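Inside the fold
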Amino acid sequence: MIKLIKRKIFEFLKNNKIFINQDLFYYGFSVFIHYLIFFILIIPFIFYYHTLWLTIFFLVIYSILRKYIGGYHFSNHISCTFVSVIVTIFSPLFSKSLNISLLFVVLHILFSIIIIFLIAPVDHPNKRLSSNEKKSFKHRAITIEFFYLIVVFISSIFSKNQIINLIFIINLISILSLLFAYKKNNKLN
C-alpha cells in the first residue's frame, strides 16, 4: 500500500515537471512515514496525560542538542521508532513526578559539558564530519548546554520544576546516547 502511494506521488511529481532524484524522493518519503508513525503513536498519550507543552518542549530542546552531539542510532526504523516513542512519552511524564535538586541538575549539566568537550560530536557511519564541522558542532553543543543552565536558573526563579526536571532528563538521555555511540564507534574502528 505504502509502496503504491510512494510510486504514485513520485509519478505525479514527474508528470507535473517537478524533477527530483528518485532515490532522494524515496529516502525523504521513508523519513516522512517514520515521523508520521511516530506522531500517530505519541499523540494519544500526549492528550491523555496532558503533556502537550512538555512534549513539545522536550522534542525541541532534545533535538537541538542531539543535532550537534550525535548519538546512538539503531540499525532499523522499527527499533528507532519504538525507543523514540517510549522516550518521548515517558520523559514529560517523569518530569511531572520527579523532584531533582537544582544543584544536582547544575552539576549534571557541567559534567555534560566536560563529556561533550572530550568526545562530541560522534560521527554517524553514513555522515562523517570534517574536523572543522566537529569543532563547530562541539562549540554549538557547549553553547546549548550553557543555554540549558540559563533556562534551569530562570525556571528555578519561577518554580518551574517540571522544566528543570525535563532539562535534566533531556541531558541525561543525550549524554547516554552520546556515550553509547562513542563506545559503538570505537568498537568498529
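Digging into the layout of surface pockets
- In this structure, the largest pocket occupies an estimated 1,800 Å³ of space.
- In terms of lining, the largest pocket is formed by 43 residues, of which the most central are Tyr-35, Arg-66, Tyr-72, His-73 and Cys-80.
- Elements supplying a minimum of two residues to the lining of the largest pocket: α2 (22-48), α3 (52-69), α4 (77-97) and α7 (161-188).
- For the lining of the largest pocket, the residue count by class is 23 nonpolar, 15 polar and 5 charged.

Overview of the packing of helix α1 (residues 2-15) against α2
- For the pair α1 and α2, the least separation of the axes is 11 Å and the interaxial angle reads 130 degrees. Classified by the interaxial angle, the pair formed by α1 and α2 is oblique. As for the relative orientation of α1 and α2, their crossing is right-handed in sense. Contact residues: α1 offers Ile-2, Ile-5, Lys-6, Arg-7, Ile-9, Phe-10 and Leu-13, while α2 offers Gln-22, Phe-25, Tyr-26, Phe-29 and Ile-33.
- Of the residues contributing to the contact of α1 with α2, the split by class is 9 nonpolar, 1 polar and 2 charged.

A look at the packing of aromatic side chains
- In total, this model carries 8 aromatic pairs according to the counting rule given.
- A ring pair is formed by Phe-29 and Phe-32, whose centres lie 6.4 Å apart and whose planes are at 45 degrees; its orientation type is tilted. Placement of both Phe-29 and Phe-32 in helix α2 is noted, with a separation of 3 residues, approximately one turn of the helix.
- You can call Phe-29 buried: its relative accessible area is 10%.
- Ring centres 5.5 Å apart and planes at 5 degrees place the aromatic pair Phe-58 and Tyr-62 in the stacked group. With Phe-58 and Tyr-62 both in helix α3, this residue pair falls 4 residues apart, about one helical turn. As far as the burial class goes, Phe-58 and Tyr-62 line up, both buried.
- Lying over the aromatic face of Phe-117, Lys-138 brings its terminal NZ or CZ to 5.8 Å of the ring centre.

Thoughts on the side chain of Thr-88
- Within the secondary structure layout, Thr-88 lies in helix α4.
- When its relative accessible area of 4% is taken as the criterion, Thr-88 is described as buried.
- Other than its neighbours up to four places away in sequence, Thr-88 contacts Phe-38, Ile-42, Thr-55, Phe-58 and Leu-59.

Quick notes on a nonpolar patch on the surface
- A grouping of Tyr-35, Phe-39, Ile-43, Phe-47, Leu-52, Trp-53, Ile-56, Val-60 and Ile-64 is seen on the molecular surface, where their side chains present a nonpolar patch of about 880 Å² in accessible area.
- Elements with a minimum of two residues in the nonpolar patch: α2 and α3.
- At 5 residues, α3 tops the list of elements feeding residues into the nonpolar patch.
- Relative to the helices and strands, Val-60 resides in helix α3.
- On the basis of relative accessibility, which here comes to 43%, the residue Val-60 falls in the partly exposed class.

Some points on the packing of α3 against helix α6 (residues 131-157)
- Between α3 and α6, whose axes approach to 7 Å, the crossing angle comes to 150 degrees. By the angle class used here, α3 and α6 are roughly antiparallel. On the side of α3, the interface is formed by Phe-57, Ile-61, Tyr-62, Ile-64, Leu-65, Lys-67, Tyr-68 and Ile-69, while α6 contributes Phe-137, Arg-140, Ala-141, Ile-144, Glu-145, Phe-147, Tyr-148 and Val-151.
- Taken together, the residues that form the contact of α3 with α6 break down as 13 nonpolar, no polar and 3 charged.

So, the side chain of Thr-51
- The topology assignment puts Thr-51 in the loop between α2 and α3.
- The contact partners of Thr-51, leaving out residues within four places of it in the chain, are Phe-45, Ile-46, Pro-92, Leu-93 and Lys-96.

What counts and how
Residues numbered from 1 in each chain as written. Predicted model: local features only at pLDDT ≥ 70, side-chain atom pairs only at ≥ 80, totals over all residues. Heavy atoms only, no water. 1 Å grid on protein atoms, 1.4 Å probe; cavity = no way out; pocket = protein on both sides within 12 Å on 5 of 7 lines; lining within 4 Å. Points joined across faces, edges and corners; volume = space filled by probe spheres on them. Helix = DSSP H or I, 4+ residues; strand = E, 2+ residues; numbered from the N terminus. Nonpolar A, V, L, I, M, F, W, Y, C, P; charged D, E, K, R; others polar. Axes fitted to C-alpha atoms, helices over the stretch in contact; angles between N-to-C directions. Parallel < 35°, antiparallel > 145°, perpendicular 65-115°, else oblique. Left-handed = near helix turned anticlockwise from the far one by under 90°. Contact = heavy atoms within 4.5 Å. Phe/Tyr/Trp six-rings, centres within 6.5 Å; stacked < 30°, edge-to-face > 60°. Buried < 20%, exposed > 50% of the residue type's maximum accessible area, 1.4 Å probe, protein only. Lys NZ or Arg CZ within 6 Å of the ring centre and 35° of its normal. Patch = residues over 30% accessible without salt bridge, like charges linked within 9 Å, V, L, I, M, F, W, Y side chains within 5 Å. Areas by Shrake-Rupley, 256 points an atom, 1.4 Å probe, with all protein chains shown as cover. Salt bridge = Lys/Arg side-chain N within 4 Å of Asp/Glu carboxyl O.

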